[in-house]
Amino acid sequence: MDKKYKHLFLGLLFDGIGMLSFAIPFIGDFSDIIWAPLSGWLMTRLYKGKIGQAAGVVTFIEEIIPGLDIIPTFTIMWFYTYVFKKEKNKGPLRFRALPSRSTENLQICEILKPLYKF
């Protein structure tokens with residue numbers, strides 16, 4: 001299975017586990033005490049680097065606060081990583097030279113010259 005779709009499947013699974021606390025009133029909130037640090041750790045394993053660490057903290061906070069379990073943070077992170085995030089530049093930016101104003105004006109004058117007899 002492609003890494004991209006493996007992350008999607010695991011993300012949906014982990015979001016589903018996180019939402020299970022809504023299925024069991026009162027008891028589910030206590031399960032968040034165990035699930036919150038585990039989900040934060042899992043997020044850092046799925047997504048490496050600083051972005052994964054930040055997402056882990058967000059996931060931990062989202063899971064530990066009662067009522068926020070409905071937010072699918074793993075799925076949101078998947079969309080951020082594989083759909084919205086732009087790739088890093090693979091080289092220096094290259095700029096093309098723009099024509100100077102005087103050159104631009106000269107070209108306009110050359111185009112208009114036949115229309116007006118000076």
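Everything here concerns the structure above.
Below: a short report on this structure. (Residues numbered from 1 in each chain as written. Predicted model: local features only at pLDDT ≥ 70, side-chain atom pairs only at ≥ 80, totals over all residues. Heavy atoms only, no water.)

**Focus: the nonpolar core**
When a protein is soluble and globular, its nonpolar side chains tend to lie buried together.
Phase 1 of the analysis: Among the nonpolar cores identified, the biggest contains 10 residues, and these are F14, W35, L42, M43, L46, Y47, A55, F74, M77 and W78.
Phase 2 of the analysis: Looking at this core, the elements that each hand over two or more residues are helix 2 (27–46) and helix 4 (73–84).
Phase 3 of the analysis: If one sorts the elements of this core by residue count, helix 2 sits on top with four residues.
Phase 4 of the analysis: Those residues within four positions of A55 in sequence are excluded, and the remaining contacts are M43 and M77. (Core = buried A, V, L, I, M, F, W, Y, C linked by side-chain atoms within 4.5 Å. Buried < 20%, exposed > 50% of the residue type's maximum accessible area, 1.4 Å probe, protein only. Helix = DSSP H or I, 4+ residues; strand = E, 2+ residues; numbered from the N terminus. Contact = heavy atoms within 4.5 Å.)

**Description of the packing of helix 2 against helix 3 (residues 49–64)**
Phase 1 of the analysis: In contact at an axis separation of 7 Å, helix 2 and helix 3 are set at 165° when each is read in the N-to-C sense. In terms of axis orientation, helix 2 runs roughly antiparallel to helix 3. For helix 2 against helix 3, the interelement crossing comes out right-handed. Residue-level contacts link D32, I33, W35, A36, P37, S39, G40, M43 and T44 of helix 2 to G52, Q53, A55, G56, T59, F60, E63 and I64 of helix 3.
Phase 2 of the analysis: Considered class by class, the residues forming the contact of helix 2 with helix 3 number eight nonpolar, seven polar and two charged. (Axes fitted to C-alpha atoms, helices over the stretch in contact; angles between N-to-C directions. Parallel < 35°, antiparallel > 145°, perpendicular 65-115°, else oblique. Left-handed = near helix turned anticlockwise from the far one by under 90°. Nonpolar A, V, L, I, M, F, W, Y, C, P; charged D, E, K, R; others polar.)

What is shown is where atoms sit, not what they do.
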